Protein chains: 6
Amino acid sequence: MNKHIAAYGEIMMRLEVPDNLLLRQAENLKYSFTGTGVNVTGLLSQFGYETSLISAVPENSIGTAAIGAIRRLGIHSDFIIKNNDNLGMYFLEQGFGSRPSNVTYTNRQQSSFNTTDISEYDIVQSMKGVDVLHICGISLAMNNLTQNNILTIVKVAKEQGVKIVFDCNYRPSLWGENGNQRAKPYYETILREADIVIMSEKDAINTLNLTTTKESKEEQLEELLLVVAEKFSIDIIAGTIRTIQGSNQNKIKGYLFKNGTIYYSEAFEVNILDRIGTGDAYTCGVIHGELSNMAPQEMVTFSTASCVLAHTISGDTALFDTDDIIKIVNEEKIDIER
Amino acid sequence: MNKHIAAYGEIMMRLEVPDNLLLRQAENLKYSFTGTGVNVTGLLSQFGYETSLISAVPENSIGTAAIGAIRRLGIHSDFIIKNNDNLGMYFLEQGFGSRPSNVTYTNRQQSSFNTTDISEYDIVQSMKGVDVLHICGISLAMNNLTQNNILTIVKVAKEQGVKIVFDCNYRPSLWGENGNQRAKPYYETILREADIVIMSEKDAINTLNLTTTKESKEEQLEELLLVVAEKFSIDIIAGTIRTIQGSNQNKIKGYLFKNGTIYYSEAFEVNILDRIGTGDAYTCGVIHGELSNMAPQEMVTFSTASCVLAHTISGDTALFDTDDIIKIVNEEKIDIER
Amino acid sequence: MNKHIAAYGEIMMRLEVPDNLLLRQAENLKYSFTGTGVNVTGLLSQFGYETSLISAVPENSIGTAAIGAIRRLGIHSDFIIKNNDNLGMYFLEQGFGSRPSNVTYTNRQQSSFNTTDISEYDIVQSMKGVDVLHICGISLAMNNLTQNNILTIVKVAKEQGVKIVFDCNYRPSLWGENGNQRAKPYYETILREADIVIMSEKDAINTLNLTTTKESKEEQLEELLLVVAEKFSIDIIAGTIRTIQGSNQNKIKGYLFKNGTIYYSEAFEVNILDRIGTGDAYTCGVIHGELSNMAPQEMVTFSTASCVLAHTISGDTALFDTDDIIKIVNEEKIDIER
Amino acid sequence: MNKHIAAYGEIMMRLEVPDNLLLRQAENLKYSFTGTGVNVTGLLSQFGYETSLISAVPENSIGTAAIGAIRRLGIHSDFIIKNNDNLGMYFLEQGFGSRPSNVTYTNRQQSSFNTTDISEYDIVQSMKGVDVLHICGISLAMNNLTQNNILTIVKVAKEQGVKIVFDCNYRPSLWGENGNQRAKPYYETILREADIVIMSEKDAINTLNLTTTKESKEEQLEELLLVVAEKFSIDIIAGTIRTIQGSNQNKIKGYLFKNGTIYYSEAFEVNILDRIGTGDAYTCGVIHGELSNMAPQEMVTFSTASCVLAHTISGDTALFDTDDIIKIVNEEKIDIER
Amino acid sequence: MNKHIAAYGEIMMRLEVPDNLLLRQAENLKYSFTGTGVNVTGLLSQFGYETSLISAVPENSIGTAAIGAIRRLGIHSDFIIKNNDNLGMYFLEQGFGSRPSNVTYTNRQQSSFNTTDISEYDIVQSMKGVDVLHICGISLAMNNLTQNNILTIVKVAKEQGVKIVFDCNYRPSLWGENGNQRAKPYYETILREADIVIMSEKDAINTLNLTTTKESKEEQLEELLLVVAEKFSIDIIAGTIRTIQGSNQNKIKGYLFKNGTIYYSEAFEVNILDRIGTGDAYTCGVIHGELSNMAPQEMVTFSTASCVLAHTISGDTALFDTDDIIKIVNEEKIDIER
Amino acid sequence: MNKHIAAYGEIMMRLEVPDNLLLRQAENLKYSFTGTGVNVTGLLSQFGYETSLISAVPENSIGTAAIGAIRRLGIHSDFIIKNNDNLGMYFLEQGFGSRPSNVTYTNRQQSSFNTTDISEYDIVQSMKGVDVLHICGISLAMNNLTQNNILTIVKVAKEQGVKIVFDCNYRPSLWGENGNQRAKPYYETILREADIVIMSEKDAINTLNLTTTKESKEEQLEELLLVVAEKFSIDIIAGTIRTIQGSNQNKIKGYLFKNGTIYYSEAFEVNILDRIGTGDAYTCGVIHGELSNMAPQEMVTFSTASCVLAHTISGDTALFDTDDIIKIVNEEKIDIER
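All of the points below concern the structure found in this document. Note that the coordinates shown come from a computational prediction; the quantities given were computed from them, not determined experimentally.

1. Considerations on the overall build of chain A
Then, number 1: Across its full length, chain A carries twelve helices and 14 strands.
Then, number 2: Against the globule reference of 20 Å for 338 residues, chain A gives a C-alpha radius of gyration of 19 Å, in line with a compact fold.
Then, number 3: Principal axes of the C-alpha set define a box for chain A whose edges measure 45 × 45 × 45 Å.
Then, number 4: Expressed as a percentage of contacts within chain A between residues at least 6 apart in sequence, the contacts between residues at least 24 apart total 68%.
Then, number 5: Approximately 11,600 Å² of chain A is accessible, and the part contributed by carbon and sulfur atoms is 45%.
Then, number 6: One way to put it: in chain A the 29 positive side-chain charges average out to a point 2 Å from where the 42 negative ones average out.

2. Examining the environment of Thr-152 of chain A
Then, number 1: Note that Thr-152 of chain A resides in helix H5 (residues 144–159).
Then, number 2: We classify Thr-152 of chain A as partly exposed; its relative accessible area is 28%.

3. A few points about the sheet that holds strand S14 (residues 336–337) of chain C
Then, number 1: The ten strands lie next to each other as S14(C)-S7(B)-S6(B)-S2(B)-S3(B)-S3(A)-S2(A)-S6(A)-S7(A)-S14(F), forming an open sheet whose pairing is mixed. The open sheet has two edge strands, S14 of chain C together with strand S14 (336–337) of chain F, and neither has a second partner.
Then, number 2: Looking at chain direction, strand S6 (residues 88–93) of chain A and strand S7 (residues 101–106) of chain A are connected through five bridges and run antiparallel. Looking at S7 of chain A, one finds that Phe-91 of chain A is bridged to Thr-104 of chain A.

4. What about the interface of chain D and chain B?
Then, number 1: Taken together, the 22 residues of chain D in the interface contact 21 residues of chain B.
Then, number 2: For the pair chain D and chain B, the two sides together bury roughly 2,100 Å², of which 53% comes from carbon and sulfur.
Then, number 3: On the chain D side of the contact with chain B, Arg-24, Phe-96 and Ile-244 of chain D bury the most area, a combined 28% of that side's loss.
Then, number 4: Inspection of the region where chain D meets chain B yields one salt bridge.
Then, number 5: For Arg-275 of chain D, the salt bridge is made with Asp-335 of chain B, and the minimal N-O distance between the two is 2.6 Å.
Then, number 6: Taken together, chain D and chain B are joined by eleven residue pairs in polar contact (both at pLDDT 80 or more).
Then, number 7: Of all the secondary-structure elements, those providing two or more residues to the side of chain D that touches chain B are strand S7 (101–106) and strand S11 (236–246) of chain D.

5. Observations regarding the packing of helix H10 (residues 296–310) of chain C against helix H11 (residues 322–329) of chain C
All names here are of chain C.
Then, number 1: Close contact between H10 and H11 brings their axes to 9 Å; oriented N to C, the two are set at 105°. Regarding the angle of H10 to H11, the classification is roughly perpendicular. Residues Thr-301, Phe-302, Ala-305, Ser-306, Val-308 and Leu-309 of H10 lie in contact with H11, whose contacting residues are Thr-322, Asp-324, Ile-325, Ile-326, Ile-328 and Val-329.
Then, number 2: Split by residue class, the contact of H10 with H11 holds eight nonpolar, three polar and one charged.

6. A few points about the sheet that holds strand S9 (residues 163–167) of chain E
All names here are of chain E.
Then, number 1: Reading across from one edge, S5-S4-S1-S8-S9-S10-S11-S12-S13 is the order of the nine strands in this open sheet, with mixed pairing throughout. Strands with a single pairing partner mark the edges of an open sheet, and in this sheet they are strand S5 (80–82) and strand S13 (261–271). The sheet shows a mean angle of 15° between the axes of neighbouring strands, direction not considered.
Then, number 2: By the bridge criterion, three bridges tie strand S10 (residues 196–198) to strand S11 (residues 236–246) in an arrangement that is parallel. The residue bridging Ile-198 from the neighbouring strand is Ala-238, located in S11.
Then, number 3: Strands strand S8 (132–136), S9 and S10 of the sheet are contacted by helix H7 (residues 179–193), whose axis makes an angle of about 140° with S9.
Then, number 4: On top of the sheet, helix H10 (residues 278–291) reaches strand S1 (4–8), S8, S9, S10, S11 and strand S12 (249–258); it is set at about 150° to S11, its chief contact.

7. Side note on the packing of aromatic side chains
Then, number 1: Here the structure, examined in full by the defined rule, presents 54 aromatic pairs over all chains.
Then, number 2: An angle of 50° between the planes, with centres 5.9 Å apart, marks the rings of Tyr-90 of chain C and Tyr-105 of chain C as tilted. A residue pair is termed long-range when its members are at least 10 positions apart, and Tyr-90 of chain C in strand S6 (residues 88–93) and Tyr-105 of chain C in strand S7 (residues 101–106) qualify at 15 residues.
Then, number 3: Take Tyr-105 of chain C: its relative accessible area is 23%, and that puts it in the partly exposed class.
Then, number 4: Members of the aromatic cluster, joined through ring pairs, are Phe-166, Tyr-170, Trp-175 and Tyr-187 of chain A.

8. Some details on the environment of Gln-249 of chain F
Residues and elements named next belong to chain F.
Then, number 1: With respect to the element layout, Gln-249 can be found in strand S12 (residues 249–258).
Then, number 2: Overall, Gln-249 belongs to the partly exposed group, its relative accessible area being 28%.
Then, number 3: Spatially, the C-alpha atoms of Gln-249 and Pro-296 are 27 Å apart, while their sequence positions differ by 47 residues.
Then, number 4: In this view, Gln-249 contacts Ile-244, Glu-269, Val-270, Asn-271 and Ile-272; residues no more than four positions away in its chain are not counted.

9. What about the pairing of strand S8 (residues 132–136) of chain A?
Residues and elements named next belong to chain A.
Then, number 1: Among the five residues in S8, five count as buried, and that is most of the element.
Then, number 2: Residues of S8 alternate between two faces, with Val-132, His-134 and Cys-136 on one and Leu-133 and Ile-135 on the opposite face, all of them buried.
Then, number 3: When S8 meets strand S9 (residues 163–167), the two strands line up parallel, connected through five bridges. What sits directly across from Cys-136, in S9, is Asp-167.

10. Some remarks on the relation of the copies chain D and chain B
Then, number 1: Mapping chain D onto chain B is achieved by rotating through 120° and translating by 0.0 Å along the same axis, at an RMSD of 0.0 Å. Here the transformation between the copies is reduced to the relation of a three-fold axis. Taking the C-alpha atom as reference, chain D places Asp-19 of chain D closest to the rotation axis, 5.1 Å from it.

11. Examining the side chain of Thr-146 of chain C
Then, number 1: Among the secondary structure elements, Thr-146 of chain C is positioned in helix H4 (residues 144–159).
Then, number 2: Discounting chain neighbours no more than four positions away, the residues touching Thr-146 of chain C are Asn-114 and Ser-139 of chain C.

12. So, helix H12 (residues 322–329) of chain E
All names here are of chain E.
Then, number 1: By the burial criterion, the buried members of H12 are Thr-322, Ile-325 and Ile-328. Down the axis of H12, the smallest arc covering the buried residues is 110°, so these residues share one side.
Then, number 2: Those residues of H12 hidden inside the fold are in contact with helix H1 (36–47), S13, H10 and helix H11 (296–310).
Then, number 3: Downstream of H12 by one or two residues, Glu-331 has phi in the positive range, about 55°.

13. Observations concerning the state of the cysteines
Residues and elements named next belong to chain D.
Then, number 1: Counted according to the given criterion, the structure contains zero disulfides over all chains.
Then, number 2: Looking at the unpaired Cys-284, the closest cysteine sulfur is the one in Cys-307, lying at 11 Å.
Then, number 3: Classification of Cys-284 by relative accessible area gives buried; the value is 0%.

14. A closer look at the relation of the copies chain B and chain A
Then, number 1: Note on the copies: chain B fits chain A at an RMSD of 0.0 Å, the axial shift is 0.0 Å, and the rotation between them is 180°. The superposition of one copy onto the other is thereby described by a two-fold rotation axis. Proximity to the rotation axis, assessed at the C-alpha, singles out Leu-29 of chain B in chain B; its C-alpha lies 2.5 Å from the axis.
Then, number 2: Interface overlap between copies is the fraction of interface residues in one copy that are interface residues in the other; for chain B against chain A it reaches 100%, indicating a shared surface.

The rules behind the values
Residues numbered from 1 in each chain as written. Chains lettered and ligands numbered in written order. Predicted model: local features only at pLDDT ≥ 70, side-chain atom pairs only at ≥ 80, totals over all residues. Heavy atoms only, no water. Helix = DSSP H or I, 4+ residues; strand = E, 2+ residues; numbered from the N terminus. Rg over C-alpha atoms; globule rule 2.2 N^0.38 Å. Contact = heavy atoms within 4.5 Å. Areas by Shrake-Rupley, 256 points an atom, 1.4 Å probe, with all protein chains shown as cover. Lys, Arg positive; Asp, Glu negative; His and termini not counted. Charge placed at Lys NZ, Arg CZ, Asp CG, Glu CD. Buried < 20%, exposed > 50% of the residue type's maximum accessible area, 1.4 Å probe, protein only. Pairing = 2+ DSSP bridges. Buried area = accessible area lost by both parts, 1.4 Å probe. Salt bridge = Lys/Arg side-chain N within 4 Å of Asp/Glu carboxyl O. Polar contact = N/O pair within 3.5 Å; in protein donor to acceptor, adjacent residues only side chain to side chain. Axes fitted to C-alpha atoms, helices over the stretch in contact; angles between N-to-C directions. Parallel < 35°, antiparallel > 145°, perpendicular 65-115°, else oblique. Nonpolar A, V, L, I, M, F, W, Y, C, P; charged D, E, K, R; others polar. Phe/Tyr/Trp six-rings, centres within 6.5 Å; stacked < 30°, edge-to-face > 60°. Least-squares fit on C-alpha atoms with pLDDT ≥ 70 in both. Arc of directions from axis to C-beta. Disulfide = S-S within 2.5 Å.

Right, here's the structure in full:
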């Protein structure tokens, strides 16, 4: 039977200015529904897994549209509830060349997801038959309600034997002054329960108050992830090292720490159609790698290729099959698929 | 020299689903910047007046786009400040035939306008050289801050000899339970200062606790407006009676109370391209009528024709010249203007 | 627990030329996925029912897109299989005024649905927990395979106690010469099993070789439906009488035959945004009426109002709640819903 | 063998603001290539005739695009030459309801057509095998060059036995002060050569200095056309009487004067998708009527129905078959053509 | 007098998902009419040749649109007939970076072209005045009817002294199991009649059962093409070697075998806007080179530059002048052409 | 107080074919309002300066739209007058890869700006409070009227102590045969008054009849600019050296001559979204550098970075803050700005 991955996460509306225009130049927006949890379960659904999302959307036409979009991705919507009035939104002005993309958030603290208490969901039921639960550190940054929500759902999940995938995603701007200190206890609690963790060297430094004197990202990761893995008994810690050449060109190298060893993929040159959400495609690679028992080196290469390919798909949510990833892994150069 | 009309009002982003689609059916939105104050000063600017808007927009690319849009309408933006993070938004699903249009607000309480204290503006300076100040009752419904803001700006305006145009615009859903009682003192205070008032029979009943036993709207208005005009010493009270045949067809009849007499326009059959903001075009007719010394009967006909024509313009803000209105008044049927 | 309505029907791709253009004038098409079964289960899903579709789509990106679209409507896709290479398509040139809409079919005989044997589906499983099965007469017109498929699924459904809703939908052009005679045995077999039938006076004449000397549609229906209902022991026979004023304006009057009596709705004037699929909204009204035990007169009015409202929704599949229909029934004229 | 209709006329670029927007509101334009000659030969080509256009377009990418568009309509382009730098353009803001459409011309005097001497074309060759030549009075209003061009081509055509269809199309704004007097000799010269003339009562008054004391359009036409037909020995004089209810609704009644008698069609109610160029569809009806030997009453009804149907086609150039017109004549109300 | 190139080939509808989206993500398609024969005659028409297409399209609005599109390209449509009901279609999801483009065919076997017997065309008449006939190997893969059609038209053409250009275009997926063996006799027959052949080393191996032990494409071509040219007495065999770096970047090197010698162009780096149909632009280069008596080295460079430039034009059909190609040959780097 | 920069220059309508299509392939255009003066004041307005434009637009809806667009950019429109009937236009077909962009002008000589005498403007008033006036050499190429206009406004400006920025912009095609000689006296007159000059080595050679035997652009500039600066006592002469790799990739190196020394920026690799108007962003850099007292080396780097960034903004007019330029100067590579 198919493995089942659930995510507890916010659904946001992405409002993209088309054709690389600025908001002040245009009159049209392209909208879609997204979020880390959406992206992860959406792509895993495409990989062939059962997936579901636990979330809250407003009780209006925006909420209805959001649920339809989630279902269209093949994600089960049984545990998406309608509550309160707002959906988190972000406006995206796509960058070009030396001009970076610009994201403007609006309405996030008042969103249905960030104002809905965990007791409103039937959490116990939502974890039935679930193998993996994905959660994201951004929810920890919002408010007391969301912090408590995350802690509660992780607890329930663990009680039912569900594995936890935790994407640290520490955003200094959201935590504000002395954010590191306030974030630390929450991150520590979650990390103790987590089985797979997406963590950069900056996440480690910011959320756990760790330090390193190493200079290269690779050396920093090697030092820090060892400490984190041991302290919190985490199976896998993974992530990517991204080198920015411009808005249309990056270099991506994946890393994966397992059983005391760090594994790296090669560094892929990436042409970028849509940068946002590509980290979530990496996460999907790791989850799939683990659920299908890939060896660590294969897993990090597969995950990085998934991330690479995600840059070629418009929108936050990547949409391709594992076969497509394998072609990237094998560096097959295909003219046209007919 | 040109007369100068200022408005103190919120700028909102209108996000319209195109082609009469529902939000859940589409992937694109058309956006524009609007609001009662924008609509009134935008059209009066087109009539040839100096106009300006006193408002607050967020300190981000949304705010920048909003200011550009206001300027494009010919409105001075010197007193639009950037403050806080949100712009009020509404999603519009255009109705058709027997299906009514649907408006979904988002983020209104947290908007820059509704969270910016009046002291942040240079109000005294903004009233220099201004002849007329337009304000809207919706701001009274928001919160204590906005209620105080309105009272303050009206006070400053009156001290500088500026005439006040007040659009009652009482929305029961915004005031909530016992709203009538809470609204009453605010409305009474403003009405005492107002020179021109846009008020329906329902506004009179809801905000002033008045009653009538008459049945037709006309009789109700005749009874109620007399009471209001006398009690608050208001020069002009005006508005429209709208009969809904469907989303694409309405009937509109204007009324105007002046010097103890009520004047009516004929009832115009209206084909509707865009319903929203058409009341503001009526207001513009009244303001222009008063500033150009029209007789009451001419004024009510002109204002109603302005409202009628506004239904044929896409977007909230009407865009036409007084000449175009005169053609409606004269019932000129024009084939194509070349 | 929610009632569950399943449909066995073809998913087609609708390719619509936008802005009332002709195919030869344009360069863009708007596409969506539709079909009688899609429309019926899509709207019933919106009414709050569990719904599912039994269908086949091609094993390619078109099939994947089709399944996503079905899920977006809230329909379960567990019994949609991927088989063969083609999806039925139709091009739609929307009419205007005195110019009728034009539909051009392509590729219908070779579609996955019309070339997939019923044995490819897990029919027995698909009928588990289902209360109502909807089938459409168009499938009878395709080929021997589809004729057999329909007969088989109806048999399985009846064995499991599922009620049958049969939409006659006799299309002379699809049956060709002597079509009436060839169609007759199939229609008779299905009608014997059907509980609710959507049938016009022309369907009765064409498929059952019935005759009438009456002149008005109403009299013809009264005569013919009585015969049909008695002969085949059908609970409900229903449909609409449509008067064409032009592509943007029709008049619709519903009829419903039950227990020997025919009931009519009033005749509604209809402004048309999208004509196609509106009959399916009528069917949904009848199914909902029956499942919620409406009285016949209420049922026919509700169903007709559903059909009327469906004309105001772009696309084949109507999307509204029963509340919205009730407002049409009550002739509430709503300005803007906020 | 097919009859061949040629037109000597200007190709213009039509730049239409979409969605009933004003130029100042939008950022996109829809463009097409049009002109009276284009419209007439384009529709006649659809009727099944051989057609060709004699015209000049600029020697650049605009000219190339124009020729492609003409060919796409089925018109032969062998006598369209590339000369000079400009194409005439007009911007179209589509009206709605009580707001009339607005046309803004640009660059007309400097267009390739209006600056190319008739000697640049191989006129004699272009009239080979041609049965009918269509010319338009607007060219008479431009400048001495175009006036001479028209006179020359008419002379050559007549020498080769080609019938002349002349659309008077007198535009006071183009002729300026004392335009009537200056226009008169040109119109008289052409009318003497013309076989079929499209002329309104205003054309008769303005270009020939005729007068009438009658009040109704019908009576005026009856008086004036008799005079014109006799004086200039014209076979057929025809046109339409248009009553404007609004930008989306007109009433159209055709008239046709032949052998001393005037024939009228019924007055058709017209829903308008696109008003421009509909008179040219009337002209096509008259030309087809004459070439296919229709009786006068049939001809005027057919021509009016062609004009009516043209209002339902987007763009200046009507695109339908004679069969479609017959359905309008017969008042067949068709639901959907499948 | 201008040389005349005819093509006998299928017209297909290309349905392209815009903005690099996947079919499952979008709601709009851009459509155009294309095919190898369309591409070749379309570009040669732009080069200044007379061109015509012999083809069949359906008897409906799709067929009408197709003919208009062909004419717009400057191709004569006198020998395009309307027959049967279907047009071949393909959906195009444009690739990006490491994601290849995806083409999904639909409805090809049932297309009008592939179901119309050659006797339906007036082939003898269609070859009058024709200098070159272009045919494509894909037609050989369809069915017995199309195989016979090709053989017949080639025979008729040769009898009238028309040169044959044959594009091998062997597609293994279309020929299925043991396709090589079944294809061989057809390819051999055509090659015997052909004057110019577009053939890759794979075409030679697959269709003629040839073998080579060489490793590089260049060496393989040198060995194989010599054999083919001698065996079938072919004047010119040509093609391109394409190196895929990604969907937006290829390297192209042309080769041309003539009089026992193979000539190569330099290898051009190509930025790709639209990959499809670029091989046809190479073919046009060869045809033009031959008809204008270019030396072999000039011809292969010109043809490759034509292919290179075709990658910068949206759509299958390249649109530029020979002058534009010469600039590529000369490596002129132009800022902006004004 | 803010410095105030005025420009006297033409407003043109840019009509861009979207999606890299050719005009003959498309049916839609994107329009905007632009011109050297618009671009310079638009970007300087964004930098925080007061700006105004002195120009003339037609007395119709095109003129109204143009003024709105100028105001939207933050430019004062008080000295834009409405006069005559035409706006200059250009059609833009965006290049790709080895295909250059193509610009087709239309209607330029007849534009309102190029037919409006300087006496129609209130020039003396328009120079009140202005610090810098920007003018462009293209106006010198139009006709006697525009030549005189430029000379007059420069004279008035100098009398009021306004600094003159002169962009030479010599276009050989506009001046025609012996253009160099006719241009010389005008350029000499203006250069004598100019404080900052944008001049390439070709401008120097063409307009001043200078010669150089040097080969590299750098050496030529060093020789020629020294001569020009001394002869005409110009403070600053600046410009860019552009190396074309293709339509999407250029290399840009800025130069700036001040006090006898020439300064160069590094050569930036530029990814191109929109090439047009990028030189004006360079000019803005120079003006801002001078007004904010940058050292020459800083100034040339800043100006070049401004030019580089302008290539990443759609449309002629660059829109970014000086902060954004500083990031380019500092080579900060930013992932996404949130």
